[in-house]
Amino acid sequence: MLLRLAYPGVTNAFAMLRLLPMSDHGKDIETLVLRRQLMVWVVRHGYRHLGPDPAALPSPASTLPS
């Protein structure tokens, strides 16, 4: 159980260390690749909406002071 909890943390730490020596261009490419992978995963699994429900967010008019 402890190994299952520690594995993602160690993996993320190594991923962050790998990004340190990268140039900004390399990081941009990495971001584009990850976005593409996420998009493919979402299409394959049939998810339509990721993120908060728009109906649950306050409308801009309700945030203005009266």
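The structure reproduced in this document is the subject of the present report.

Here is what the cut-offs are and how they apply
- Residues numbered from 1 in each chain as written.
- Predicted model: local features only at pLDDT ≥ 70, side-chain atom pairs only at ≥ 80, totals over all residues.
- Heavy atoms only, no water.
- Helix = DSSP H or I, 4+ residues; strand = E, 2+ residues; numbered from the N terminus.
- Buried < 20%, exposed > 50% of the residue type's maximum accessible area, 1.4 Å probe, protein only.
- Areas by Shrake-Rupley, 256 points an atom, 1.4 Å probe, with all protein chains shown as cover.
- Expected span 1.5 Å × (residues − 1).

1. Here's the deal with the overall build of the chain
Part 1 of the reasoning: A count of helices and strands for the chain gives two helices and zero strands.
Part 2 of the reasoning: Taken across its 66 residues, the chain has 2% of its residues classed as buried.
Part 3 of the reasoning: In the form shown here, the chain has an accessible surface area of approximately 6500 Å², with 67% of it arising from carbon and sulfur atoms.

2. Details of helix α2 (residues 24-45)
Part 1 of the reasoning: Between the first and last C-alpha of α2 there are 32 Å, a value that for 22 residues agrees with the 32 Å anticipated at 1.5 Å per step.
Part 2 of the reasoning: Looking one or two places after α2, you find Gly46, whose phi comes out positive at around 75 degrees.

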